Amino acid sequence: MKLTLRWFGTGFDSVTLGQIRQIPGVKGVITTLYDIPAGEEWPLERIRALKEEVESSGLKILGIESVNVHDAIKAGLPDRDRYIENYIKTLERLGACDIRLVCYNFMPVFDWVRSDLAKPREDGTTVMSYDQAVIDRIDSSRIFNRMDSGSNGFILPGWEPERLADIRKLFKLYRDVDDQKLFENMVYFLKAVMPTCEKYGIKMAVHPDDPAWPVFGLPRIVTNLENLNRLFETVDSPYNGVTLCTGSLGSNPDNNIPEIIRSLKGRIYFAHVRNLKYHGPRSFDEAAHLSEDGSLDMFEIMKAFYDIGFDGPFRPDHGRAIWGEKAMPGYGLFDRALGATYLNGLWEAITKMDRLNKASATGGK
Ligand code: DNO
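This section reports on the structure supplied with the text.

What counts and how
Residues numbered from 1 in each chain as written. Predicted model: local features only at pLDDT ≥ 70, side-chain atom pairs only at ≥ 80, totals over all residues. Helix = DSSP H or I, 4+ residues; strand = E, 2+ residues; numbered from the N terminus. Rg over C-alpha atoms; globule rule 2.2 N^0.38 Å. Buried ≥ 20, exposed ≤ 12 C-beta atoms within 10 Å, placed from the backbone. Contact = placed C-beta atoms within 7 Å. Pairing = 2+ DSSP bridges. Axes fitted to C-alpha atoms, helices over the stretch in contact; angles between N-to-C directions. Core = buried A, V, L, I, M, F, W, Y, C linked by C-beta atoms within 7 Å. Parallel < 35°, antiparallel > 145°, perpendicular 65-115°, else oblique. Left-handed = near helix turned anticlockwise from the far one by under 90°. Nonpolar A, V, L, I, M, F, W, Y, C, P; charged D, E, K, R; others polar.

## Quick word on the overall build of the protein
And step 1. A count of helices and strands for the protein gives 13 helices and 12 strands.
And step 2. Relative to the 2.2 N^0.38 estimate, which gives 21 Å for 365 residues, the radius of gyration of the protein is 20 Å and therefore close to what a compact globule would have.
And step 3. Across its three principal axes, the protein shows a C-alpha extent of roughly 65 × 50 × 40 Å.
And step 4. Among the 365 residues that make up the protein, the fraction classed as buried is 42%.
And step 5. Of the contacts formed within the protein by residues at least 6 apart in sequence, a portion of 73% connects residues at least 24 apart.

Given below as structure tokens:
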């Protein structure tokens, strides 16, 4: 497996490529053209320039997160084909630049959501947290302002101000879209892009819904193993896969993450690894990566990745805000670097223990 860090690009990220390069074991970045709105095609020169910039720092682009899917596609509007064509052009250009992993999501209106972007903890750090009781008290038209005002001045992924300027209008697009309709729209999209993915060898890795249940009455369908299996059975291409995000799927304690990893062997193309601390039904904080800090067992999770022979890119995910760093919530350098180092340590231990066990089983032969 290849250790990476998410990087939003020069001008959008407080973290530099030079800093990422200095984290032991990091081989590449997962990045994007952050300023291109969902639905527009990505110019080839921009992709080339991004690639050159990353490579000149000694790193590689090991995947794109995200090429966002336009709401017309998600809601199944009459003009969706135009946006799908643009998506295909972007895929062709990424393929031409030898970039073969695309993470995307199929969440209506907005992406991940939290009730608090900087909840203070006893240790002096702050973390992002989710409490359904708080979300239930917020008017859906105000959620953008709430997320934006806690963003430290950064544009949060999936929360672009221009797109969400008229959030009520976006909500209306989904008035008649239930889980089944959303699933059909997703299948329509995937069937349209798969031939291009097959031609260029591009793996599409859907990001699970975060949290893994409907929010503000909007349907959410990438929430558990059953739904993922249904998606893979319906669009059964080897280029249709998942970003196994432990924090998103793990928001629902019914999702047993190591079990899900094992049963999705062969469909996991990218992994986001982070921990959560449950406080009750539909209420959790994002914890430090360390197992004992949260509710997920990171050893069991990394072991499951090891056991299925996962060799794709993975990255530490949202970190706490520590040591006074001012960064996009979840995406500072310090706690993600600690997370990367911890995950590296787990991986080395798991790999070497397995070798030792195999050697002792064969008597060292
Ligand atoms: C949040 C991220 C998501 C993710 C998208 C993928 O921090 O995990 O924004 O990148 O859902 O399209």
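## Observations regarding the sheet that holds strand 6 (residues 126–131)
And step 1. Pairing within the open sheet is antiparallel, and its 4 strands lie in the order 5-6-11-10. In this open sheet, the two edge strands, each paired with only one partner strand, are strand 5 (116–120) and strand 10 (276–280). Strand-to-strand twist of the sheet, defined as the mean angle between neighbouring strand axes without regard to direction, takes the value 35°.

## Points about the nonpolar core
And step 1. Counting 92 residues, the largest nonpolar core has Val-29, Val-102, Ala-205 and Ile-301 as the members making the most contacts within it.
And step 2. Leaving out residues up to four positions away in the same chain, Val-102 has contacts with Ile-64, Val-67, Leu-91, Leu-94, Ile-202, Met-204 and Ala-205.

## Describing the pairing of strand 4 (residues 101–105)
And step 1. Along strand 4, 4 of the 5 residues are buried, which leaves the element largely enclosed by surrounding structure.
And step 2. Judged from the 2 bridges that link them, strand 3 (residues 60–65) and strand 4 form a sheet pairing that is parallel. Across the sheet, Glu-65 pairs through a bridge with Cys-103, a residue of strand 4.
And step 3. Summarising the sheet, strand 4 and strand 7 (residues 203–207) pair through 5 bridges and their orientation is parallel. The residue of strand 7 that forms the bridge with Leu-101 is Lys-203.

## Describing unusual backbone geometry
And step 1. Put simply, Glu-65 and Ser-66 share a cis peptide bond, and its omega is 5°.
And step 2. Here Ser-66 is to be found in the loop between strand 3 and helix 3 (71–75).
And step 3. Cis geometry is found at the peptide bond from Asp-210 to Pro-211, where omega equals 0°.
And step 4. Structurally, Pro-211 can be placed in the loop between strand 7 and helix 9 (225–234).
And step 5. Non-glycine residue Phe-216 carries a positive phi angle of around 50°.
And step 6. Within the secondary structure, Phe-216 is located in the loop between strand 7 and helix 9.
And step 7. The exposure class assigned to Phe-216 is partly exposed, which follows from the 18 C-beta atoms found within 10 Å.
And step 8. For Arg-282, which is not glycine, the phi torsion reads 55° and is therefore positive.
And step 9. Its location among the elements puts Arg-282 in the loop between strand 10 and strand 11 (283–286).
And step 10. Look at Arg-282 and you get partly exposed, because 18 C-beta atoms sit within 10 Å.

## Some thoughts on the packing of helix 4 (residues 80–96) against helix 8 (residues 179–200)
When two helices pack together, their arrangement is given by the angle between the helix axes and by the axis-to-axis distance.
And step 1. Contact geometry of helix 4 with helix 8 gives a least axis separation of 10 Å together with a crossing angle of 20°. In terms of axis orientation, helix 4 runs roughly parallel to helix 8. For the pair helix 4 and helix 8, the sense of crossing is right-handed. Within the contact between the two elements, helix 4 uses Ile-84, Tyr-87, Ile-88, Leu-91, Glu-92 and Gly-95 and helix 8 uses Phe-189, Ala-192, Val-193, Thr-196, Cys-197 and Tyr-200.
And step 2. Residue classes in the contact of helix 4 with helix 8 are distributed as 9 nonpolar, 2 polar and 1 charged.

Nothing here speaks to function; it is all geometry.
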